[in-house]
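Listed below are the residues making up each chain.
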Amino acid sequence: MGTWSYSYDLTDNSVQYLKYILKKNNVNLSDNGEKKIVLHVTNAECTPNGSVLDIVIKLKVNINDKIYKNFEGKSNIANLWWMGWALETDVKDAVNKMLNDKEILNYLQSKK
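Reading the values: rules and limits
- Residues numbered from 1 in each chain as written.
- Predicted model: local features only at pLDDT ≥ 70, side-chain atom pairs only at ≥ 80, totals over all residues.
- Heavy atoms only, no water.
- Patch = residues over 30% accessible without salt bridge, like charges linked within 9 Å, V, L, I, M, F, W, Y side chains within 5 Å.
- Areas by Shrake-Rupley, 256 points an atom, 1.4 Å probe, with all protein chains shown as cover.
- Salt bridge = Lys/Arg side-chain N within 4 Å of Asp/Glu carboxyl O.
- Helix = DSSP H or I, 4+ residues; strand = E, 2+ residues; numbered from the N terminus.
- Buried < 20%, exposed > 50% of the residue type's maximum accessible area, 1.4 Å probe, protein only.
- Core = buried A, V, L, I, M, F, W, Y, C linked by side-chain atoms within 4.5 Å.
- Contact = heavy atoms within 4.5 Å.
- Phe/Tyr/Trp six-rings, centres within 6.5 Å; stacked < 30°, edge-to-face > 60°.
- Lys NZ or Arg CZ within 6 Å of the ring centre and 35° of its normal.

## Some points on a nonpolar patch on the surface
Here is step 1: Taken together, Trp81, Trp82 and Trp85 make up a surface patch of nonpolar side chains, about 510 Å² in accessible area.
Here is step 2: Assignment of secondary structure puts Trp81 in the loop between strand E4 (67-77) and helix H2 (83-99).
Here is step 3: Residue class for Trp81 comes out exposed when judged on its relative accessible area of 81%.

## Some details on the nonpolar core
Here is step 1: Core analysis: the largest hydrophobic core is formed by 28 residues, its most contacted members being Ile55, Ile57, Leu59, Val61 and Met98.
Here is step 2: Contributions of two or more residues to this core are made by helix H1 (7-24), strand E2 (37-49), strand E3 (52-63), E4, H2 and helix H3 (102-109).
Here is step 3: The dominant element in this core, judged by the number of residues it contributes, is H2, at eight residues.
Here is step 4: The residues touching Leu59, leaving out its near neighbours within four places in the chain, are Ser14, Leu39, His40, Val41, Lys69, Asn70, Phe71, Ala94 and Val95.

## Description of the packing of aromatic side chains
Here is step 1: One pass over the structure, following the stated rule, counts two aromatic pairs.
Here is step 2: With centroids separated by 6.2 Å and ring planes inclined at 85 degrees, the aromatic side chains of Trp82 and Trp85 adopt a geometry described as edge-to-face.
Here is step 3: For Trp82, a relative accessible area of 49% puts it in the partly exposed group.
Here is step 4: The ring of Tyr107 carries the charged tip of Lys35 above its face, separated from the ring centre by 5.2 Å.

## Overview of the environment of Tyr107
Here is step 1: In this fold, Tyr107 is placed in helix H3.
Here is step 2: Sequence separation of Tyr107 and Leu59 is 48 residues, and the distance between their C-alpha atoms is 19 Å.

Purely geometric stuff here, so don't read any function into it on its own.
Below is the structure:
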């Protein structure tokens, strides 16, 4: 059906959600920290699938130029009225998948 490219808004949402989760877990955040996480939502797609629309966002993650990963957030909706909710949910889903990735967790928890 289509691809949206207002990825800056979705990228900002992913960064804000990540900050929220990290602060909630008492992680100190700093713009000058040793470990830098760069997030970028590269794509958001909506595809008809029978009586629903499948929504997929793709999140690219770069941590200190050492770890590069891609994650997807997926949902489906019955009509376009739910598009904003679906995109928000999918961004959170992708960030949560990132935070549950063993390689990323090990790196973030390490001293260096």
